[in-house]
Every structure is written in C-alpha cells, then in structure tokens.
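Residues per chain, in single letters:
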Amino acid sequence: METIKVITGIVSLITLTHSLSHHEFCYQDPSCGPGMWVTYFPKCNGTHQSPIDIDTNSVQHNQSLRAFNFYNYNVTGTITDITNNGHTVGLYFEDGSVKISAGGLNGHYFAKQLHFHWGNNSHSPGSEHTLNGKQYSISMHIVHTKDGYPTAEAKNHSDGIAVLSFFIKLVDNKSEDAHWKSIFKPLKNISEPGQSVPFPGRFSLMDLISGVDLTKYYRYDGSLSSPGCDEAVVWTVFREHIVLNASVVEGLYHDIYVNKTDGKKLLNNFRPTMARNGRAVWASAALNSTSNGTRVTTSEPDTSTRKATQPKTTATPYPPKPNTTSTYTPRTTTVRSGSSGLPLARLSLLLPLALFLLAR
Ligand SMILES: [Zn+2]
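Calculation notes
- Residues numbered from 1 in each chain as written.
- Predicted model: local features only at pLDDT ≥ 70, side-chain atom pairs only at ≥ 80, totals over all residues.
- Helix = DSSP H or I, 4+ residues; strand = E, 2+ residues; numbered from the N terminus.
- Buried ≥ 20, exposed ≤ 12 C-beta atoms within 10 Å, placed from the backbone.
- Core = buried A, V, L, I, M, F, W, Y, C linked by C-beta atoms within 7 Å.
- Contact = placed C-beta atoms within 7 Å.
- Pairing = 2+ DSSP bridges.
- pLDDT = per-residue confidence, 0-100.

**Some words on the overall build of the chain**
Secondary structure assignment for the chain yields 7 helices and 17 strands. Every one of the 360 residues in the chain was classed for burial, and the buried ones make up 45%.

Okay, structure coming up:
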C-alpha cells in the first residue's frame, strides 16, 4: 500500500510540475487571466460554467428543496490548517469529520476545504456569483465531495462536488467578530504561495454561518469556478449574506501575495459571471414561503445550541416528488473522462487532496 501511495505521489508531482510550468492560471494578468483560461483548460468553455448571476425574477420555485442536515458543523477544531495556494486562502478540514446531506442533495457530502474570493479592497466587490446583478464584497465557498468518491475523482462526476456559497458584506459600523478575526489573523504567516500553517482558530462552521437562514438558497448545476472548470458542482447559493466589519478581513487585501518578490498581491481573485445557457436556477421552499412568520429552520442531527431555539424539520424524501409546479431533478451520476491535470497545487500538501483542492 505504501509503495502504491509513493508511486501515486510521484506521478502526481510530475503532473503538477508539468501543469505548473505550462498552464498556470491567474486572475489579474491578461496573459493568464479568466479570458485566457479556455486556451489551456478547454472545459472552461463548457455550457454549464460558474459563477452566474442569479436573477431572482427568473428562478423556479421548488418545494422539495428543504433544510440541509449538517453533521459536525457545530463542532470546534475541525479545521486543520490554512494555506495560500496562490489563488485563494484555503482552510482544510480534518478528513471525514464534517458533512452535509438533504437540502435536495443526492447523498452525503464531506467538507474538504473552505476558501474565499475577494476584490481589490474592502470597498471593491469581489464575490463570485451575483444576486440580481449585485456583486458582494467577498464570497466564501465551503467545498464538499460526495461520499463514495475519492477526493481526486469527485470532479469527474457530474454530482461529485457540492459547494455551499455565502455572500459576505463588509461594513464599517459593526463590532469585530472574534471567530472571523481568528481566520484572517494567520494570513501574515502565509503571505507567499505554498505557505501553510496549522490553523489556530477555535470555532465551528456554524459559528460563522448561523446568522444566515440556511433554508433560503438557490440551486443550480455548474462547474468549478477556476481551472480545470470541471462541470461537477451542485451549487447552493444562500440568499442572505454574512455581515462583517471590514477591519476583520483587511489581511486579505494586504498580506496575501501571488509573488512576494515582485510585490504582486493576490487581489480580485474572482471569475466573472458566466452565461446561464438555459440552465434552471431553483429557489428553495423557504424562499417560496408566503407567510413571513414561518421560518423553516435547519435540521441538525448533532447536539447544538441552535437545537434549543430552532425546531427540527422533517427530512424531505429523496428524490423529490414531481408534484410541484416545477421540479428540481438532481443530477444523475455520470462519469466523465479525460480530465486534465490540475494546474496549481503546491507540493507541500498531501497530494491526493492537493490534486483536487488546490485548483479551487
Ligand atoms: Zn470558490
């Protein structure tokens, strides 16, 4: 087994080195920015690409898109390290510790990493996805891969990856949140691409997102929003946004570099919105609610402080019954072939995980 792992590692290293030397992508330099991605990564020219603008006037409501089940989202210490991979800041989860199900997903998905997309400064928008044309300050993406698929293979399946996407709005007149502050505090120690440090923060994922109504979301089938742009992502974009004091995230704009020697900071690391190409965007049941007083809340199998204040909802049968005016049909699993090597991983991380995650 160890021999196999070593061989796999060496092959991965060769693939990565090859990709790095020939197909590095970037966000700001026109020679490797989003407009050039299709040249080296053909899948970026696909018809189901991400991000997109969500036009709430043209979404289709679906009563079968109910609450998620969040497992260990309320447990502290599940994040192991924080990394600058040259394209984003990523926080990595202990393997197999955190997962989601329900919420219209077909099966269980394990959380692997969360990362951010941001603009030029706290007054310049940098979210991926826009809502009725509005771009928010920052996007946070929590990336999960489907139970049963090896991490590196998830991108080869049309339903292999589930991303939970949160908009973050920055303001000047809000108190600083200690949990969020602990995310961005270590950034000075990972200013150069490839740098990674153990994550010191002691908070749970729920500490970050509990201010958002997790039953109000949009759903569509799309892609990884960075090369190789594999169309393997079931996207969930939450309607409500997280509000943070701008001072908390300052490190994103000042401490993270693409190339520190050249003084090139990592800024504006978002892909512009892509054409919807006739794809349906579905609105969850809670967004369709006519009674404002009824708030369908998150079902959490764990013991949680939220449990005390928020009642459990019954799980929605899957697949959803087509008895509503519109039907959300989750993707059936198809295997895709010919996946290209991922371009930009850093060699300092575990290779199988790096193969997939560092492209994000
Ligand atoms: Zn992302």
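**Here's the deal with the nonpolar core**
Counting residues in hydrophobic clusters, the biggest one holds 79 residues, and the most contacted among them are Val163, Ile168, Tyr218 and Leu252. Broken down by element, this core gets its largest block of residues, 8 residues, from strand E10 (residues 161-171). When sequence neighbours within four positions are dropped, the list of residues in contact with valine 163 reads His141, Ile142, Val143, Val233, Trp235 and Thr236.

**Comments concerning the pairing of strand E13 (residues 233-238)**
By the criterion of burial, E13 is predominantly enclosed, with 6 of the 6 residues buried. Direction of pairing for E10 relative to E13: parallel, over a ladder of 5 bridges. Bridging across to E13, alanine 162 finds its partner in valine 234. Direction of pairing for strand E12 (residues 217-222) relative to E13: antiparallel, over a ladder of 6 bridges. Bridged to glycine 222 within E13 is valine 233.

**Section: unusual backbone geometry**
Between serine 50 and proline 51 the backbone carries a cis peptide bond, its omega angle lying at 0°. Its place among the elements puts proline 51 in the loop between helix H2 (37-40) and strand E1 (53-54). Each neighbour pair has its own omega, and for proline 227 with glycine 228 the value is 5°, a cis peptide bond. In this structure, alanine 102 is a non-glycine residue whose phi angle is positive, near 60°. Within the fold, alanine 102 resides in strand E6 (residues 99-102). We classify alanine 102 as buried; it has 20 C-beta atoms within 10 Å. Phi angles above zero are rare outside glycine, and asparagine 268 is one such case at about 50°. As for its position among the elements, asparagine 268 is in the loop between strand E16 (264-265) and strand E17 (282-283).

**Notes on the confidence of the model for the chain**
Interpretation of this model should avoid reading the predicted coordinates in detail wherever pLDDT is low. When pLDDT is averaged along the chain, the result is 82; 74% of the residues meet or exceed 70. With pLDDT under 50 throughout, residues 291-326 is counted as low confidence; its partners more than four residues away or in other chains account for 58 contacts. Here residues 336-360 is a poorly scored stretch, pLDDT under 50, and it has 77 contacts once near neighbours within four places are set aside; other chains count.

**Some remarks on the environment of serine 223**
You can see serine 223 is positioned in the loop between E12 and E13. Residues serine 223 and cysteine 44, spaced 179 residues apart in sequence, show a C-alpha to C-alpha distance of 8.6 Å. Beyond its immediate sequence surroundings of up to four residues, serine 223 is in contact with Gly46, His48, Gln49, Ser50, Cys229, Asp230, Glu231, Ala232 and Val233.

**Here we look at the environment of threonine 261**
Looking at the element boundaries, threonine 261 is found in the loop between strand E15 (257-259) and E16. For threonine 261 and glutamate 192, which are 69 residues apart along the polypeptide, the C-alpha to C-alpha distance reads 9.2 Å.

**Describing the environment of aspartate 172**
By secondary structure assignment, the location of aspartate 172 is in the loop between E10 and helix H3 (178-184). Aspartate 172 sits 76 residues away from valine 248 along the chain, and the two C-alpha atoms are 10.0 Å apart. If near-sequence neighbours (up to four positions away) are discounted, aspartate 172 is found in contact with Asn245 and Ala246.

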